[in-house]
Amino acid sequence: MGSTSDKSDSPHPPTQSHHYPKSNITLNDRYIDEPRTLRVAVIGGGLAGILAGILFPAKVPRIELVIYDKNSDLGGTWFENVYPGVRCDIPAHVYQSTFSPNTQWSEQFATGSEIREYWQSLARKYNVYDRCKLSTKVEELAWDEKDSVWTLLVRDLKTDETTSEKADFVLPAIGRFNAWKLPDIPGISEYRGHLRHASNWDPSLDVSGKSVAVIGNGASGIQLVSNIQRLVGRLDHYARNKTWIAASWAGDERTFESQPFTDEQKQSFEDPQTYLDFRKKLEDKYWRRFGALWRGSAANMEAQKSFTENMRKRLSKKPELLDKLIPDFSANCRRPTPGPGYLEAITEDNVNYIQTPIKRITETGIETTDGTTRAVDAILCATGANVDMAPPFPIRAYGVDLAAAWKSDGDYTFPYTYFGLATPGFPNLLFVHGAHGTGASGTVPQAVEIQLTYYAKVLRKAAREGIRTMTPSKKAADDFLDYSDAFFARTVLSDNCSSWYNSGRPGSRIHGLWPGSGMHITAVRREPRWEDWEYEYLSESGNRFEWFLGNGWTKKETDPNSEATSYLKLPSQIDLRDLHESWWDLP
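Residues numbered from 1 in each chain as written. Predicted model: local features only at pLDDT ≥ 70, side-chain atom pairs only at ≥ 80, totals over all residues. Heavy atoms only, no water.

**With respect to the overall build of the chain**
As a reminder of what qualifies: Helix and strand assignments come from DSSP, with helices taken as H or I runs of at least 4 residues and strands as E runs of at least 2, each series counted from the N terminus. Buried, partly exposed and exposed residues are distinguished by accessible area as a fraction of the type maximum, computed with a 1.4 Å probe on protein chains only: under 20%, between the cut-offs, and over 50%, respectively. Note on definitions: a residue-residue contact is assigned when non-hydrogen atoms from the two residues lie within 4.5 Å. Calculation of accessible area relied on Shrake-Rupley with a 1.4 Å probe; when residues are assessed, cover is drawn exclusively from the protein chains displayed. In this tally, Lys and Arg are treated as positive and Asp and Glu as negative; His is ignored, and so are the chain termini. By convention, the point assigned to a charge is CZ for Arg, NZ for Lys, CD for Glu and CG for Asp.
Looking only at helices and strands, the chain has 14 helices and 21 strands in total. Judged by the C-alpha coordinates and their principal axes, the chain covers about 95 × 55 × 50 Å. Per-residue burial for the chain yields a buried fraction of 51% across its 587 residues. Excluding contacts between residues fewer than 6 apart, the proportion of contacts in the chain whose partners are at least 24 apart in sequence is 72%. Only carbon and sulfur atoms are counted for the fraction: they give 50% of the accessible area of the chain, which is about 28,000 Å². Side-chain charges in the chain split into 69 positive and 76 negative, and the spacing between the mean points of these groups amounts to 3 Å.

**Points about the pairing of strand 2 (residues 63-68)**
What counts is decided by this rule: Pairs of strands are assigned from DSSP output, requiring at least two bridges between the strands. Handedness is read with the strands pointing away from the viewer; a crossover is right-handed when the path from the first strand over the helix to the second is clockwise.
Sheet analysis places strand 1 (residues 38-43) next to strand 2, joined by 6 bridges and oriented parallel. Pairing of L38 across the sheet is with I63, part of strand 2. For the crossover that starts at strand 1, traverses helix 1 (residues 47-59) and ends in the parallel strand 2, the hand is right-handed. In this sheet, strand 3 (residues 132-133) lies alongside strand 2 in parallel orientation, the contact comprising 2 bridges. Following the sheet pairing, Y68 is matched in strand 3 by K133.

**Regarding the sheet that holds strand 5 (residues 149-156)**
Judged by pairing direction, the sheet is mixed, and its 5 strands sit side by side in the order 6-5-4-18-19 without closing on themselves. Of all strands in the sheet, those with a lone pairing partner are strand 6 (161-167) and strand 19 (400-401), marking the two edges. Relative to strand 5, strand 4 (residues 136-144) runs antiparallel, the two being bridged by 8 bridges. Within strand 5, the position partnered with K137 by the bridge is R155.

**Digging into the environment of E190**
Of note, E190 is situated in the loop between strand 7 (169-172) and strand 8 (194-197). Put simply, E190 and L493 are 303 residues apart on the chain and 38 Å apart in space, counted from C-alpha to C-alpha. Those residues in contact with E190 that sit more than four places away from it in its chain are I361, T362 and E363.

**Points about helix 3 (residues 112-125)**
Quick reminder of the rule: Multiplying 1.5 Å by the residue count of a helix minus one yields the expected span of that helix.
With 14 residues, helix 3 extends 20 Å from end C-alpha to end C-alpha; this agrees with the ideal 20 Å at 1.5 Å per step. If you check which residues of helix 3 are buried, you get G112, E114, I115, Y118, W119, Q120, L122 and A123. Those residues of helix 3 hidden inside the fold are in contact with helix 1, helix 2 (77-80) and helix 11 (444-465). One or two positions beyond helix 3, positive phi appears at N127, with a value near 60 degrees.

**As for the packing of aromatic side chains**
Aromatic ring pairs are reported here in terms of the distance separating the ring centres and the angle at which the planes meet. Defined as follows: The criterion for an aromatic pair is that two Phe, Tyr or Trp rings (for Trp, the six-membered ring) have centres within 6.5 Å, with stacked assigned to planes under 30 degrees apart, edge-to-face to planes over 60 apart and tilted to the rest.
Inspection of every chain in the model, using the stated rule, returns 28 aromatic pairs. Judged by centre distance (5.7 Å) and plane angle (80 degrees), the rings of F99 and Y126 are edge-to-face. Here F99, found in the loop between helix 2 and helix 3, pairs with Y126, found in the loop between helix 3 and strand 3; they are 27 residues apart in sequence, far enough to count as distant. For F99, a relative accessible area of 31% puts it in the partly exposed group.

**Observations regarding helix 13 (residues 518-526)**
Here is the rule we go by: The arc in question is the one traced by the directions running from the helix axis out to the C-beta atoms. Whenever two N or O atoms come within 3.5 Å, that pair is a polar contact, provided that in protein one can donate a hydrogen and the other can accept it, and provided that, for residues adjacent in sequence, both atoms are side-chain atoms.
Taken as a whole, helix 13 has its buried residues at G518, I521, T522 and R525. The buried residues of helix 13 occupy one face: seen down the axis, they fall within an arc of 105 degrees. Its buried side turned inward, helix 13 meets helix 11. Residue S517 occupies the N-cap position of helix 13, its side-chain oxygen lying 3.4 Å from the main-chain nitrogen of M519.

Structure (structure tokens):
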């Protein structure tokens, strides 16, 4: 805090007229451009956590940032998932940051290891590791009503010691599919063979010539089947749900074989303008798919026709499989998966495509409800994670635990939020890339960057204006819920299908996507609606301006060498749309 007692150039002496009205407060002797320090905790070191570690120090002055991750390194899902064939079904040049791209991706659709290395290299470039506590698991969050801070119970996974740490704001960035789980099948603990979840892959496993069961036909199950079918002796694929298999996302068709860039292409990308033109053209397509979500739309009908013909063609060796795969719900009700090599794999003679429900798991294999038992050397579970998006650890405030309240049998039964950003009754808690995190079009990295930029504005406001707590109002959250229900009812997302969009429960509320397009969510999150939030202030008097306005001075103007006219620029450099809008450029 600065003092004004020595300001010889103060226009008036520090005395008060006997006739001037007496204020109910005393000026706080601080400068308005000296925000308070905020302790901010980010939980999760995947894509979102890394971007937070880059953007927040640049956008939030005096932030004390800590990023917690249970893993021994950053990378999130790309660090954890190492099963055969793991890769992104979005082009690598799209699935990256907007501000520090890799121009030298080896393939059009990068492997998981190359994606992991990219995000880790970004963390090294921007010193994110300096702000991380790795191998550290957050086990509980509890709101301290007296001190208005969050208490984090954290466990050091190397020493198994637990400690309590404090934060003014907490941002869970744990991802949508972080808490993998084995399926709840009777007898699973009795199995004596090799049992693994795809997200907990054992790199030492050699499936060559073995009999293997793969349970699940989501994205990881499809990739697993495609990549191990030609290695195993026999593959039993348990696929309870029908699913659409797409040829591509946005027209960028994938093949089972790698699709490398040529040396000539990579060399051309070294030219900044050439690369920018290439990326803009490629990425533009991913903003144009929104119309396919609308029930009965020409775009949706065309997608369904295209998916069907693609599947028919690729299943030509066993055409009887088509009826077993084509769902009775619309295309895009679930996230479609390109699945290169998958349809071809399940037509091979060493694959049993099994839709009969599993009754139990025995010591040697799997028994289905028709009485058939199939012995296998290994069972690989590609059965997903906590698609309900309920936190995997307790988050408690004012007698409510979000981990329980958001469960299907909880008080809310779904992730109840305001704009997918925060939830009533839980101050200073901001969700990153969680419920309603992204639109159905656009890209994940851009959506996360936009959301983090929104949160940077929240943090700056709290630090600059002396705000102790910020909580969205219940009315704002309820209004958003009503809007979401009205929106999703018009889309194929509300068809009778099970997906991570609806907690795996057909007919339940959609929360996996934003109720609008990628451009729509970008517009909504560009400027916060401050009127939707409720505030508590640092000032004991209750006057919202006492701490914020300080002593009427800026610290900058007390420095005779500071620039007071930074707003003056060459006319050719001025864009009137941005004039006087930069938060950091003050006289």
